[in-house]
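Spelled out, the chains give:
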Amino acid sequence: MEALAFFVLTPLTAGIIQFFLSRSRLPRWAKWGPAVLVMLAGMVCFLGAVDCLPLPNTYWLDDGSFLAFYGTLFSLPALFGLGAGALFSVAQWSE
């Protein structure tokens, strides 16, 4: 069930959000917002997991924590979903 949630539901949810966000009339920086936030969070979690970025020594944020590992793992399918949603939103279907 966890694999289904991570690799199917996460990209699907992120893709749906990005699809409707890209089709809206918001400014360009707002449309790039989710992708930038996921990339930053993934980079912080990855750098914390490999001990390149000193994270606070707490249960949630130290170098061997749950958040550092699963935050990195979560960011890849979320970025895939955001990219797919953006791609589908700009694709033109012929009628």
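What counts and how
- Residues numbered from 1 in each chain as written.
- Predicted model: local features only at pLDDT ≥ 70, side-chain atom pairs only at ≥ 80, totals over all residues.
- Heavy atoms only, no water.
- Helix = DSSP H or I, 4+ residues; strand = E, 2+ residues; numbered from the N terminus.
- Buried < 20%, exposed > 50% of the residue type's maximum accessible area, 1.4 Å probe, protein only.
- Contact = heavy atoms within 4.5 Å.
- Areas by Shrake-Rupley, 256 points an atom, 1.4 Å probe, with all protein chains shown as cover.
- Axes fitted to C-alpha atoms, helices over the stretch in contact; angles between N-to-C directions.
- Parallel < 35°, antiparallel > 145°, perpendicular 65-115°, else oblique.
- Left-handed = near helix turned anticlockwise from the far one by under 90°.
- Nonpolar A, V, L, I, M, F, W, Y, C, P; charged D, E, K, R; others polar.
- Phe/Tyr/Trp six-rings, centres within 6.5 Å; stacked < 30°, edge-to-face > 60°.

Draft legend 1. Here's a closer look at the overall build of the chain. Looking only at helices and strands, one finds three helices and zero strands in the chain. In the chain, the order of α-helices and β-strands from amino to carboxyl end is α-α-α. By residue count, 26% of the 95 residues in the chain fall in the buried class. Partitioning the intrachain contacts of the chain with sequence separation of at least 6 by distance along the chain shows that 60% fall at a separation of at least 24. For the chain, the exposed surface amounts to about 7100 Å²; the carbon and sulfur share of it is 73%.

Draft legend 2. The packing of helix α1 (residues 2–22) against helix α3 (residues 66–90), seen in detail. Packing of α1 against α3 brings their axes to within 7 Å, and their N-to-C directions diverge by 40°. Looking at the two axes, α1 sits oblique to α3. The interaxial crossing formed by α1 with α3 has right-handed handedness. Residues Phe 6, Phe 7, Thr 10, Pro 11, Ala 14, Gly 15, Gln 18, Phe 19 and Ser 22 of α1 touch α3, and the partners they reach there are Tyr 70, Leu 73, Phe 74, Pro 77, Ala 78, Phe 80, Gly 81, Leu 82, Gly 85, Ala 86, Phe 88 and Ser 89. Taken together, the residues of the contact of α1 with α3 sort by class into 14 nonpolar, seven polar and no charged.

Draft legend 3. View of the packing of α1 against helix α2 (residues 28–49). Between α1 and α2, whose axes approach to 10 Å, the crossing angle comes to 170°. One element, α1, and the other, α2, form an angle in the roughly antiparallel class. Contacts between α1 and α2 involve Gln 18, Leu 21 and Ser 22 from the first element and Ala 30, Lys 31 and Pro 34 from the second. Looking at the contact of α1 with α2 residue by residue, the classes come out as three nonpolar, two polar and one charged.

Draft legend 4. The arrangement of the packing of aromatic side chains in detail. Overall, the coordinates contain three aromatic pairs when judged by the stated rule. When the ring of Phe 6 is compared with that of Phe 7, the centres are 6.3 Å apart and the planes differ by 65°; the resulting orientation is edge-to-face. What makes Phe 6 partly exposed here is its relative accessible area of 21%. Ring centres 5.2 Å apart and planes at 80° place the aromatic pair Phe 19 and Phe 20 in the edge-to-face group. A residue is classified by how much of its surface remains accessible, and Phe 19, at 22% relative accessible area, is partly exposed. Given the relative accessible area of 56%, Phe 20 is considered exposed.

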